[in-house]
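For reference, the chains in residue letters:
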Amino acid sequence: MQNFEYRTPTRIIFGQGVIEKLPGVMAQFGKKILLTYGGGSIKKIGLYQRVLELLDGFEIVELSGIQPNPKYNPSVLDGVRLCKEHKVDVILAVGGGSVLDCSKAIAAGACYDGDPWDLITYKVKAKAALSLVDILTLAATGSEYDPGGVISRTETNDKIGYMDPLLYPAVSFLDPTYTFSVSRKQTCAGIADAINHILEQYFCEDSTLMNDGFCEAGIKSLMINGKACLENPTDYKARAEMMFVCTLACNDIMSLGNSSSGWPMHGIEHALSGYYDITHGEGLAIITPRWMKHILSERTLPRFVKYGVNVFGIDASLPPMEIAEKAIEKTYRFFEGIGIPMHLREVGIDDSRLDEMAHHVAVNEGLEKAYVPLTEKDIKEILTASL
Ligand code: NZQ
Ligand code: ZN
């Protein structure tokens, strides 16, 4: 078991109707709020209007139009400018992971005099950040309970994930009913993203029995409840459990004491959405079984056997390699079965930029230190197998 330190300062307020606590919560942070949101889904579900009613008496500045794979320019830069111009006290992010991630970058950028890109690229360490409160509307990323944000810069094809303890939300409101309206495509992407977050922690060199059980239960819950959400989008119990598991899946709690895997599938996926602006969870679903096949060896075999037996109930008396291959096949079939496109070509990616992307990943993602080290050649092979 590895040494670790752990502290999650985020206050989670979970359940139907919890938004009524919003005014009291916001009052702790001040009067001037930057309200951030995306392309309008929060207006369609009535949440925007309810937030404004509840925050009557506060001074609100708005930043709307934050896109999926949130962009440094204009969203982060506009948000930072608004915070500085209006001397904002606190940010309220209402939306999915993209709105939350963008708001985290704004929160840090607002307290920094230079170019906020310095912080995202770790050129400069942030000394402070504005407090961030969020109301989550899409279960997937875990941004509501982690210190990370992922920001894209279109002109350089960069999609950079960065972490800083200052970026933990102060308070996250998690009301599963807000996720009832999430489309089938985005629900599937959320299921795939969260399953992959757990796999990134499960496939590592050194783990504990407890962590393995936590991860296996998390994956099973996402598969079962995810399917239930797709069958009946307003199934509260299923949406609630999916939201809760997604929240836990990305803040390290499932792998405390494990060695780090280096998150190789995310490293590769960042290039897919950095270059082609595809949906993150779909990119991960495509990469996952190809990465698994690529790293399957005598060394990694016991992990695959454990995964196959405990998650999919594969007969433990079968030859280990057969169990592993079946487990990879079942992973693929699960994603395919819920309707995720399972080839890069289906999401608009052909072979014309695979070399460039493999190089970008090899240079920027540090995967030579992953659980199974990946060279540029390995990355290219995984991408090619994903076509
Ligand atoms: O923009 P609006 O109109 O709000 O529509 C969004 C968007 O089009 C829509 N949506 C959100 N809530 C909805 C809804 N539609 C109907 N009803 C609702 N209740 O869904 C679309 C996708 O939203 P987005 O926020 O992009 O999705 P997600 O939450 O999956 O976030 C993806 C981003 O998070 C990053 C990804 O890379 C990607 O950029 N990640 C962040 C992580 C983190 N902070 O820890 C970890 C992840 O690995 C991930 O990389
Ligand atoms: Zn992810």
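Residues numbered from 1 in each chain as written. Chains lettered and ligands numbered in written order. Predicted model: local features only at pLDDT ≥ 70, side-chain atom pairs only at ≥ 80, totals over all residues. Heavy atoms only, no water.

Draft legend 1. Region of the structure containing helix α14 (residues 354–364). Listed as buried for α14 are L354, M357, A358, H360 and V361. The arc that holds every buried residue of α14, seen down its axis, measures 160°, which confines them to one face. Exposed residues pointing more than 90 degrees away from the buried face of α14 are listed as D355 and V363. Residues of α14 that are buried sit in contact with β7 (158–163), α10 (264–276) and α15 (376–385). (Buried < 20%, exposed > 50% of the residue type's maximum accessible area, 1.4 Å probe, protein only. Helix = DSSP H or I, 4+ residues; strand = E, 2+ residues; numbered from the N terminus. Arc of directions from axis to C-beta. Contact = heavy atoms within 4.5 Å.)

Draft legend 2. Examining the environment of D158 more closely. With respect to the helices and strands, D158 occurs in strand β7. Using a relative accessible area of 16% as the deciding quantity, one classes D158 as buried. Spatially, the C-alpha atoms of D158 and A271 are 7.4 Å apart, while their sequence positions differ by 113 residues. Setting aside residues up to four positions removed in sequence, D158 forms contacts with W117, I151, S152, R153 and H360. Reaching out from D158, the side chain makes a polar contact with the side chain of H360 at a distance of 3.2 Å. (Polar contact = N/O pair within 3.5 Å; in protein donor to acceptor, adjacent residues only side chain to side chain.)

Draft legend 3. Local environment of the sheet that holds strand β3 (residues 59–63). Pairing is parallel in the open sheet, where 6 strands are placed in the order β1-β8-β5-β4-β2-β3. Unpaired on one side and paired on the other, β1 (11–14) and β3 mark the two borders of the sheet. On average, adjacent strands in this sheet sit at an angle of 20° to one another, irrespective of strand direction. Note: β1 against strand β8 (residues 171–174), 4 bridges, orientation parallel. Counterpart to R11 in the pairing with β8 is V171. On the sheet, helix α4 (residues 72–86) packs against β2 (32–36), β3 and β4 (90–95) and is oriented at approximately 160° with respect to β3. (Pairing = 2+ DSSP bridges. Axes fitted to C-alpha atoms, helices over the stretch in contact; angles between N-to-C directions.)

Draft legend 4. Unusual backbone geometry, seen in detail. The residue after N73, namely P74, is reached through a cis peptide bond having omega 15°. With respect to the secondary-structure elements, P74 resides in helix α4. With phi around 75°, D252 is a residue other than glycine that occupies positive phi space. Along the chain, the position of D252 falls in the loop between α9 (236–248) and α10. Unusually for a residue other than glycine, D277 sits at a positive phi of about 55°. Position of D277 relative to the elements: it lies in the loop between α10 and α11 (280–295). Classification of D277 by relative accessible area gives partly exposed; the value is 42%.

Draft legend 5. Inspection of the coordination of the zinc ion (ligand 2) at higher detail. Only D193 (OD), H197 (NE2), H266 (NE2) and H280 (NE2) from the protein reach the zinc ion (ligand 2) as donors, at distances of 2.0 to 2.2 Å. Take H266: its relative accessible area is 8%, and that puts it in the buried class. Look at H280 and you get buried, because its relative accessible area is 16%. (Donors = N, O, S within 2.8 Å, 3.2 Å for Na, K, Ca; no water.)

Draft legend 6. Here's a closer look at the packing of aromatic side chains. One pass over the structure, following the stated rule, counts 11 aromatic pairs. An angle of 55° between the planes, with centres 5.3 Å apart, marks the rings of Y37 and Y48 as tilted. Of the two residues, Y37 is situated in the loop between β2 and α2 (41–44) and Y48 in helix α3 (residues 47–54); the sequence distance between them amounts to 11 residues. On the basis of relative accessibility, which here comes to 4%, the residue Y37 falls in the buried class. Looking at Y48, the relative accessible area reads 13%, which means it is buried. Pairing F203 with W291 gives two aromatic rings, centres 5.9 Å apart and planes at 85°, and the pair type is edge-to-face. Linking F203 in the loop between α7 (184–202) and α8 (209–231) with W291 in helix α11, this pair joins segments that are 88 residues apart in sequence. (Phe/Tyr/Trp six-rings, centres within 6.5 Å; stacked < 30°, edge-to-face > 60°.)

Draft legend 7. Quick look at the site of ligand 1. Taken together, 29 residues form the shell around ligand 1, and within it S41, G97, S98, D146 and K159 come nearest. For ligand 1, an oxygen atom lies 2.7 Å from a polar atom in the side chain of S41. Taking G148, its main chain carries an N or O atom lying 3.1 Å from a nitrogen atom of ligand 1. Protein burial of ligand 1: of its 960 Å² of free accessible surface, 88% is covered by the chains. Listed by contribution, the elements that provide at least two residues to the shell around ligand 1 are α5 (97–109), β6 (148–153) and α7. Split into classes, the residues belonging to the shell around ligand 1 amount to 8 nonpolar, 17 polar and 4 charged. (Near = heavy atom within 4 Å. Areas by Shrake-Rupley, 256 points an atom, 1.4 Å probe, with all protein chains shown as cover. Nonpolar A, V, L, I, M, F, W, Y, C, P; charged D, E, K, R; others polar.)

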